Amino acid sequence: MSVLRLGAVCCVVLAGAGCLRADYVPTRFYTLTPEIAAPAAAPGEASVGVRTLDAARPYRDRMMYRDEADALQPYHGVEWAQQPRDAVTTALIDALKASGRFADVGRATDMMGPDFLLLGHIRRFEEDRATSPPEAVVEMALELRDGETRDGVWADSVTARVTMERSGPDALASAMSQAVGQAVEEAAAAIAEY
């Protein structure tokens, strides 16, 4: 077999395997860096175990935007470095600790019989392009339950919107960090008042 023919066969095999794609775009990862400054509350003796928040299916790794037709679309080639449910859960724990209201705050799976359980669901975690200028939106529903009886003692939903400088993943990551900070601070303040 000639060298030319061998080279052509290799190109066909590699192209068929998808190795010679010209449209490959490497994935870029964006982090959330919320600043937490929860208002101080009167110290108490109770402990709170926080379960990892659930998230609606589209809000996993991919960065999403909602267009004018109310359809969720993913950004291509970009993802969150950490799933929003994990990042928001960590920020919520940090905000509850910063409030000083509880003697112990941590992940429920790491605690033995906390006095309260905090659970919730992320309903929205996206860029909203239906507004002008676009906004980063985080919305979560939270429930505080008695650790022993599982009776509900507090429930609310929290929404934070931060205006973006422009549309795009860079601006979304920055604005979403602010929105998460605002949302968890509001939630921690409300829980601390209970």
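This text follows the structure it describes.
K.L.:
So, the pairing of strand 5 (residues 72–80): which residues are in play, and what are the values?
P.N.:
As defined by bridge partners, strand 1 (residues 28–30) adjoins strand 5 across 3 bridges and the pair is classed as parallel. Directly across from Phe29, in strand 5, lies its bridge partner Glu79. Looking at chain direction, strand 4 (residues 62–66) and strand 5 are connected through 4 bridges and run antiparallel. Bridge assignment links Met64 to a residue of strand 5, and that residue is Pro74.

K.L.:
Go over unusual backbone geometry, please, and point to the residues and values.
P.N.:
The omega angle of the peptide bond from Ser132 to Pro133 is 0°, so this bond is cis rather than trans. Mapped onto the secondary structure, Pro133 falls in the loop between strand 7 (116–128) and strand 8 (135–146). Phi at Asp70 is positive, roughly 65°, even though this residue is not glycine. Mapped onto the fold, Asp70 is located in the loop between strand 4 and strand 5. Even without glycine at this site, Arg150 takes up a positive phi of about 70°. For Arg150, the location among the structural elements is in the loop between strand 8 and strand 9 (152–163). For Arg150, a relative accessible area of 41% translates into the label partly exposed.

K.L.:
Go over the nonpolar core with me, naming the residues and quoting the values.
P.N.:
Ranked by internal contacts, the top residues of the largest apolar core, which has 51 residues, are Trp80, Leu96, Leu118, Phe125 and Met176. With 12 residues, helix 3 (residues 169–193) is the single largest residue contributor to this core.

K.L.:
I'd like a description of the pattern of salt bridges, backed by residues and values.
P.N.:
If you walk through the whole model with that rule in mind, you get 12 salt bridges. Notably, a salt bridge pairs Asp170 with Arg28, separated by 3.3 Å at the nearest N-O pair. On the criterion of sequence distance, the pair formed by Asp170 in helix 3 and Arg28 in strand 1 is long-range, its members being 142 residues apart. A relative accessible area of 43% means that Asp170 is categorised as partly exposed. Note that Arg129 is salt-bridged to Glu127, the shortest N-O span being 3.0 Å. Members of the salt-bridge network, linked through shared partners, are Arg66, Asp70, Arg124, Glu126, Asp128, Glu135 and Arg161.

K.L.:
Kindly report on the packing of aromatic side chains, identifying the contributing residues and their values.
P.N.:
On inspection of all chains with the given rule, the structure shows 2 aromatic pairs. Here the aromatic rings of Trp80 and Phe125 are separated by 5.6 Å at their centres, their planes lie at 70°, and the arrangement is edge-to-face. Taken as a pair, Trp80 in strand 5 and Phe125 in strand 7 lie far apart in primary sequence, 45 residues in all. Overall, Trp80 belongs to the buried group, its relative accessible area being 3%. Accessibility expressed as a relative area gives 2% for Phe125, which makes it buried. Looking at Arg101, its charged tip hangs above the ring of Phe102, at a distance of 5.7 Å from the centre. We note Arg129 situated over the ring of Tyr65; from NZ or CZ to the ring centre the distance is 3.6 Å.

K.L.:
Account for the packing of helix 2 (residues 84–99) against helix 3, with residues named and values stated.
P.N.:
For the pair helix 2 and helix 3, interaxial distance at closest approach is 9 Å and the crossing angle is 45°. Classified by the angle between their axes, helix 2 and helix 3 sit oblique to one another. Of the two elements, helix 2 crosses helix 3, and the hand of that crossing is right-handed. Contacts from Val88, Ala91, Leu92, Ala95, Leu96 and Ser99 of helix 2 reach helix 3 at Val180, Val184, Glu185, Ala187, Ala188, Ile191 and Ala192. Here the contact of helix 2 with helix 3 is composed, by residue class, of 11 nonpolar, 1 polar and 1 charged.

Calculation rules
- Residues numbered from 1 in each chain as written.
- Predicted model: local features only at pLDDT ≥ 70, side-chain atom pairs only at ≥ 80, totals over all residues.
- Heavy atoms only, no water.
- Pairing = 2+ DSSP bridges.
- Helix = DSSP H or I, 4+ residues; strand = E, 2+ residues; numbered from the N terminus.
- Buried < 20%, exposed > 50% of the residue type's maximum accessible area, 1.4 Å probe, protein only.
- Core = buried A, V, L, I, M, F, W, Y, C linked by side-chain atoms within 4.5 Å.
- Salt bridge = Lys/Arg side-chain N within 4 Å of Asp/Glu carboxyl O.
- Phe/Tyr/Trp six-rings, centres within 6.5 Å; stacked < 30°, edge-to-face > 60°.
- Lys NZ or Arg CZ within 6 Å of the ring centre and 35° of its normal.
- Axes fitted to C-alpha atoms, helices over the stretch in contact; angles between N-to-C directions.
- Parallel < 35°, antiparallel > 145°, perpendicular 65-115°, else oblique.
- Left-handed = near helix turned anticlockwise from the far one by under 90°.
- Contact = heavy atoms within 4.5 Å.
- Nonpolar A, V, L, I, M, F, W, Y, C, P; charged D, E, K, R; others polar.

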